[in-house]
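The primary structure of each chain is shown beneath.
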Amino acid sequence: MPKRIAVINGPNLNMLGQREVDVYGVQNLETINAGLKQRAHELGADIEFFQSNGEGELVTFIQQCRKRVDGIVLNAGAYTHYSIALRDAISAAEVPAVEVHISNVYKRESFRHTSVLAPVCIGVISGFGSDSYVLAMEALLRLN
Ligand code: DQA
């Protein structure tokens, strides 16, 4: 059975390519996802995508990943820094998750240095632009 990866993006990531391009680059989410899909297929994995600006919708989607997907690539945007609801959803899903950021959050404002999600993720990748997603997916696919 091929492994199945869910790539989940939170608030404002639907604005990639238009939003703060000096920080987040010029690629939009569609282009990033197309690249991920191609890489997933090269690696023999299945992939699906979800984006929402709403915390509740993200919680529901993460819950639905339980027993259905093998790994979660999660850029929760600003929710990373304070959403206990998302943290609890990741814990409840019992699916290995990698926290992803396009920017290096540790080079930025101090409020971005806190992640309430990192303790329930297997790792964090931050600062590699859109490659952060690819690196996270590849790391998940290397797990046994
Ligand atoms: C981000 C970093 C967050 O601090 C910010 O709120 C975002 C994007 C990133 O990908 O670099 O929306 O997660």
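Structural data are supplied above this passage.
Just so we're clear, the structure is a prediction, and the values are computed from it rather than from any experiment.

Caption draft 1: Focus on the overall build of the chain. Across its full length, the chain carries 5 helices and 5 strands. Across the chain, helices and strands are ordered from the amino to the carboxyl terminus as β-α-α-β-α-β-α-β-β-α. In terms of overall size, the chain behaves like a compact globule, its C-alpha atoms giving a radius of gyration of 14 Å where 144 residues would be expected to give roughly 15 Å. Projecting the C-alpha coordinates of the chain onto the three principal axes gives extents of approximately 40 × 30 × 25 Å. Residues classed as buried in the chain amount to 45% of the 144 residues present. When the accessible surface of the chain is summed, it comes to about 7,300 Å², and 50% of that surface belongs to carbon and sulfur atoms. Charged side chains of the chain number 13 positive and 15 negative; the gap between the two group centres comes to 4 Å.

Caption draft 2: Structural context of the layout of surface pockets. Of the volumes computed, that of the largest pocket is approximately 170 Å³. In terms of lining residues, the largest pocket is bounded by 15 residues, among which R19, Y24, G77, A78 and R112 are the most central. Among the residues forming the lining of the largest pocket, the class breakdown is 6 nonpolar, 6 polar and 3 charged.

Caption draft 3: Spotlight on the site of the ligand. In the neighbourhood of the ligand, the contacting residues comprise R19, Y24, N75, G77, A78, H81, H101, I102, S103, V105 and R112. Between an oxygen atom of the ligand and a main-chain N or O atom of A78, the distance comes to 3.1 Å. Measuring from an oxygen atom of the ligand, one finds a backbone N or O atom of I102 at 2.8 Å. Protein burial of the ligand: of its 320 Å² of free accessible surface, 99% is covered by the chains. With respect to the detected pockets, the ligand is housed in the largest pocket. Along the lines of polarity and charge, the residues of the shell around the ligand split into 4 nonpolar, 5 polar and 2 charged.

Criteria and cut-off values
- Residues numbered from 1 in each chain as written.
- Predicted model: local features only at pLDDT ≥ 70, side-chain atom pairs only at ≥ 80, totals over all residues.
- Heavy atoms only, no water.
- Helix = DSSP H or I, 4+ residues; strand = E, 2+ residues; numbered from the N terminus.
- Rg over C-alpha atoms; globule rule 2.2 N^0.38 Å.
- Buried < 20%, exposed > 50% of the residue type's maximum accessible area, 1.4 Å probe, protein only.
- Areas by Shrake-Rupley, 256 points an atom, 1.4 Å probe, with all protein chains shown as cover.
- Lys, Arg positive; Asp, Glu negative; His and termini not counted.
- Charge placed at Lys NZ, Arg CZ, Asp CG, Glu CD.
- 1 Å grid on protein atoms, 1.4 Å probe; cavity = no way out; pocket = protein on both sides within 12 Å on 5 of 7 lines; lining within 4 Å.
- Points joined across faces, edges and corners; volume = space filled by probe spheres on them.
- Nonpolar A, V, L, I, M, F, W, Y, C, P; charged D, E, K, R; others polar.
- Near = heavy atom within 4 Å.
- Polar contact = N/O pair within 3.5 Å; in protein donor to acceptor, adjacent residues only side chain to side chain.
- Sits in = over half its atoms within 2 Å of the grid points.

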